[in-house]
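Working through the structure, step by step
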Protein chains: 2
Amino acid sequence: MAPPLPGYSSHFGLDNIPFGIASSDLHPAPVCATRFKDSVIFLDKLDNFLEGIQDLRQDVLAYSMLNAFAALPNATHRAVRERLQSVIREDEELQSLPTGTVEPIGAVTMHLPVGTGDFTDMSCSTHHAQNASEAMTGKRSLPPAFLHMPIGYAGRCSSLDISGTPVERPLGQYWTGKPGESDVVFGPCKKMDYELELAAVIGKPLQRKQRLLASQAEEHIFGYVLLNDWSARDIQGFEMIPLGPLNGKNAGTTLSPWVVTTDALNAYRTASPPRTQKVMPYLADSGNAALDIKLEVRVSSPNTTTEREFTCHSNSSWMYWTLAQCVAHQAIGGCGLRTGDLIATGTVSGAESNEHGCLMEYMKQGKQPPRGYLEDGETVILSGYCGEGVGFGECVATLTPARDLES
Amino acid sequence: MAPPLPGYSSHFGLDNIPFGIASSDLHPAPVCATRFKDSVIFLDKLDNFLEGIQDLRQDVLAYSMLNAFAALPNATHRAVRERLQSVIREDEELQSLPTGTVEPIGAVTMHLPVGTGDFTDMSCSTHHAQNASEAMTGKRSLPPAFLHMPIGYAGRCSSLDISGTPVERPLGQYWTGKPGESDVVFGPCKKMDYELELAAVIGKPLQRKQRLLASQAEEHIFGYVLLNDWSARDIQGFEMIPLGPLNGKNAGTTLSPWVVTTDALNAYRTASPPRTQKVMPYLADSGNAALDIKLEVRVSSPNTTTEREFTCHSNSSWMYWTLAQCVAHQAIGGCGLRTGDLIATGTVSGAESNEHGCLMEYMKQGKQPPRGYLEDGETVILSGYCGEGVGFGECVATLTPARDLES
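My aim in this report is to walk through the structure given alongside it, one point at a time. (Residues numbered from 1 in each chain as written. Chains lettered and ligands numbered in written order. Predicted model: local features only at pLDDT ≥ 70, side-chain atom pairs only at ≥ 80, totals over all residues. Heavy atoms only, no water.)

Attention shifts here to empty space enclosed by the protein. Enumeration according to the criterion identifies seven cavities of 30 Å³ or more in this entry. Considering only enclosed or pocket space, the largest cavity measures out at about 120 Å³ in volume. Around the largest cavity, the lining comprises 22 residues; the ones closest to its centre are Ala154(A), Ala154(B), Gly155(B), Arg156(B) and Asn250(B). Elements with a minimum of two residues in the lining of the largest cavity: strand 6 (119–123) and strand 7 (151–155) of chain A together with strand 7 (151–155) of chain B. Top contributing element to the lining of the largest cavity by residue count: strand 7 of chain B, with three residues. When its residues are assigned to classes, the lining of the largest cavity shows nine nonpolar, eight polar and five charged. (1 Å grid on protein atoms, 1.4 Å probe; cavity = no way out; pocket = protein on both sides within 12 Å on 5 of 7 lines; lining within 4 Å. Points joined across faces, edges and corners; volume = space filled by probe spheres on them. Helix = DSSP H or I, 4+ residues; strand = E, 2+ residues; numbered from the N terminus. Nonpolar A, V, L, I, M, F, W, Y, C, P; charged D, E, K, R; others polar.)

In structure tokens:
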């Protein structure tokens, strides 16, 4: 059993310096912020410290979304991050920052980091695709296009939620038993699941009809967040032939609050798994483009006892496709990319039985799963961590009970 | 052969009074407008005529999107429309309107009517679903959930285009021959298709977690537009198992410019086809909820001769599901609805061979299609018409050639 990921202070050290949107009693209007250890630094009043950075207009840090800042070149984000690092390096107690710009994390409310015009969820993990196939059909097969390109579906933007927002068990239609052979009912989902995912947040936009090679795609990635793609498996299973999931994925999609930049993650590059199929030129990468992020899910029950906490471990470097490849593939048909767009990995799983990134993967036919689908009141906690000072913190949400149609 | 739909003046009579976003040399900033016959009336300077209408703040008519106006209660849209009708009824030459508020349609540029946060495309036509199945698999079957609820997929918002915008033949990956048994290549789409659709534009928003019955869903529909869901059939066919279409639908989605209100269409209600399966209570409707809109596609070749123009006829009342049912189904999982959201019907087809709403339906195995997929330079023109004075005008786009990856 892998050890639990370290605590928050260790996720947000000097080598991280992520970006998010925060408010507090002293700062009631949400603005851009960063985090160092357990302190949140509001960035809208740091003019003196951030002077002279190319392309940075200070007003972009005073908005309630990161979009205007994220749209700037990554060189500008880098310069802001390095400036903040040099200030903090000199003064770890943050005493030199203007009064009122620093608050403890406990006093702060985090908000959705960006406004998102399009959200795509891809399928990058061979292990997930094979486990899901085995659970659904009894056969460990991959989708026909899986080894050629990241396949995916467009998700719902109106149900993106910041970490901490409860997700309500949805109503929908589904088969009561074997697909195609049992009754169809309308009622509360009985197979509520989570999905452990990582998502790229688009920064610099890409014009319509412009193409992008995977090797250049990170220029358009502002940073990364954890994402829980809550999935109503019974509703999804009924609706998805042949147009893919819709309402089964719409109850809520939870994002972690801090956007961790590519610069912070660059020290954790590693190789992707060997390609078993020739990769088309537009998807070719350097071979060392994967990110080594340790990922974890914990499911915590209302009456928490150690026994009832369920854990799984995974790693983003185990995926067959990187998010840079996903971004390039998304753009190849000419749709462009807009700042704030989210492109996610799909469930990130490993080869071992304690490395399944969602509960459905445990439901293999003829095998005894370690637990069932989610119960009302359970809390799902995703976490991601690279190494000393660089992590994502947590992406948390609690499942609340279904309400009647009339309520 | 059905006669061609009548000309534009007959689409935009006194019983229509649709809403759109227009600009011109005299009105360089796009604002809200309506259309009567071949005149466009700019609504931002009509304060005197629109005084005293409940909930109407005049500034919402001066924005470059209809969203703020659309978000108002339908009673407000109704009052504005009726006020305009009474002004025009008195003065069909529009002489009494302030100088500069009226321009001929030829002097005006139309823009996307709304900003769209989520776009869902449903599958409402039994004939389309069966024809597509026969073309793909040789069997006339329906998707497993088809008779229980409208199934659908989320589409790409960044590639929504106003009528008149060219669509470029996309690049992508696809099988060169029989699915699963031929080589996979990357290159220009060879099976470019259109889809004849109608879409509901959401007006009054619905909060997250709130439900909506189909019988009440029209309260949240601001109006309707024609929609061409351009489809790269080879790219779509390769990618869509099991997550549905993505890049195959992302090159462009064309909208007609004028949002026709439910009030204008109410005179054209008719019965939906008989339900062959019990409808769940949240999807139940009055039985007379379908809209009788004659729909037409024309494909016009660059060197137009009558022989080379290809035409198909359809009708929105032939669909198994209405857009009100689609809207209710979209919301049932708790995702909410935002003003400007689009919910479309999928291809609207009829039972006869000249009533196929897309070219794929003609490609039935073992049969000789009347023509192949779209060629570069061809123009696809959708049109919709109810009766004297009430129509949608046209939704037009020309297919331009693919460009190399590097260009």
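Still more ground to cover, so stick around.
Here we come to the layout of surface pockets. What the second largest pocket holds in volume is close to 220 Å³. As for the second largest pocket, its lining consists of 15 residues, of which Arg338(A), Leu112(B), Cys157(B), Ser158(B) and Leu160(B) are closest to the centre. Its residues assigned to classes, the lining of the second largest pocket comprises eight nonpolar, five polar and two charged.

This brings us to the pattern of salt bridges. Close approach of charged atoms allows side chains of opposite charge to pair. One pass over the structure, following the stated rule, counts 50 salt bridges over all chains. Note that Asp38(A) and Arg35(A) form a salt bridge whose closest N and O atoms lie 3.0 Å from each other. On the basis of relative accessibility, which here comes to 36%, the residue Asp38(A) falls in the partly exposed class. Residues Lys249(B) and Glu195(B) are paired through a salt bridge, measuring 3.2 Å at the closest nitrogen-oxygen approach. Within this pair, whereas Lys249(B) is found in the loop between helix 5 (233–239) and strand 16 (253–255), its partner Glu195(B) is found in the loop between strand 12 (192–193) and strand 13 (196–202), the two being separated by 54 residues in sequence. Across the pair, exposure class does not vary: Lys249(B) and Glu195(B) are buried alike. (Salt bridge = Lys/Arg side-chain N within 4 Å of Asp/Glu carboxyl O. Buried < 20%, exposed > 50% of the residue type's maximum accessible area, 1.4 Å probe, protein only.)

With that settled, the discussion passes to the side chain of Asn74(B). All names here are of chain B. For Asn74, the position within the fold is in helix 3 (residues 74–90). For Asn74, a relative accessible area of 17% corresponds to the buried category. Beyond its immediate sequence surroundings of up to four residues, Asn74 is in contact with Glu218, Glu219, Ile221 and Phe222. (Contact = heavy atoms within 4.5 Å.)

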